[in-house]
Amino acid sequence: MIVSDILKTKGKNVVTVAPDTPVGTAVATLAEKRIGCIVVTTDGGALAGILSERDVVRVLAQQGGDVLDEPVSSLMTAKVVTCSPSQTIADVMEMMTQGRFRHVPVLEEGRLAGMVSIGDVVKFRLEETEEEVRQLSAYVAGG
């Protein structure tokens, strides 16, 4: 299975903010949308970075609440690991495991085409495994 299979099911909408958005505004968006990260894009829509709940919590613990007035560009991860729609789910799982992150933006021809989370990957793999078990059970029952 490939990343585009997940995007067909979950959709391609990605919540984004500009690099100059205050961290407090981004945090409010994370809470409102009930998501774990937000993608930072430039005016032209180019990927500038990613800001996760973990990023915010880590900096809040170190610097305190004043950081909420800072722009997201001061906290975001600028070197974002991305994937393409044609990459396998196994590839993405390995990226997440090796990099110890939970969200991977999907780029298609250099443009943001979606977001894959660890939850999406796990859900997809569980459904895939259940289907394999159903097929095997049908085969065993028939043969």
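These notes cover the structure that comes with them. None of the values given here were measured: they were computed from a predicted structure. (Residues numbered from 1 in each chain as written. Predicted model: local features only at pLDDT ≥ 70, side-chain atom pairs only at ≥ 80, totals over all residues. Heavy atoms only, no water.)

Quick word on the pattern of salt bridges
At step 1: Scanning the model with the defined rule gives 6 salt bridges in all.
At step 2: For the salt bridge of Asp 120 with Lys 10, the shortest nitrogen-to-oxygen distance reads 2.7 Å. Taken together, the residues Asp 120 in helix H5 (residues 118–142) and Lys 10 in helix H1 (residues 3–10) connect sequence positions 110 residues apart.
At step 3: Between Asp 55 and Arg 58 there is a salt bridge, and its shortest N-O distance comes to 3.6 Å. Linking Asp 55 with Arg 58, this pair stays in helix H3 (residues 53–63), spanning 3 residues, or about one helical turn.
At step 4: By relative accessible area, which is 11% here, Asp 55 ends up buried.
At step 5: Taking relative accessible area as the criterion, Arg 58 reaches 47% and is therefore assigned partly exposed. (Salt bridge = Lys/Arg side-chain N within 4 Å of Asp/Glu carboxyl O. Helix = DSSP H or I, 4+ residues; strand = E, 2+ residues; numbered from the N terminus. Buried < 20%, exposed > 50% of the residue type's maximum accessible area, 1.4 Å probe, protein only.)

What about unusual backbone geometry?
At step 1: Despite not being glycine, Arg 34 shows a phi value in the positive range, around 55 degrees.
At step 2: Following the sequence through the fold, Arg 34 ends up in the loop between helix H2 (23–33) and strand E2 (37–41).
At step 3: By relative accessible area, Arg 34 is classed as exposed at 76%.
At step 4: The phi torsion at Arg 100 lies on the positive side, around 55 degrees, for a residue other than glycine.
At step 5: Relative to the helices and strands, Arg 100 is located in the loop between helix H4 (89–99) and strand E4 (103–108).

Description of H3
At step 1: What H3 keeps buried is the set Asp 55, Val 56 and Val 59. Angular distribution of buried residues about the axis of H3 spans 95 degrees; they occupy a single face of the element. The exposed residues of H3 that point more than 90 degrees off its buried face are Val 57 and Ala 61.
At step 2: The first or second residue beyond H3 is Gly 64, which carries a positive phi of 85 degrees. (Arc of directions from axis to C-beta.)

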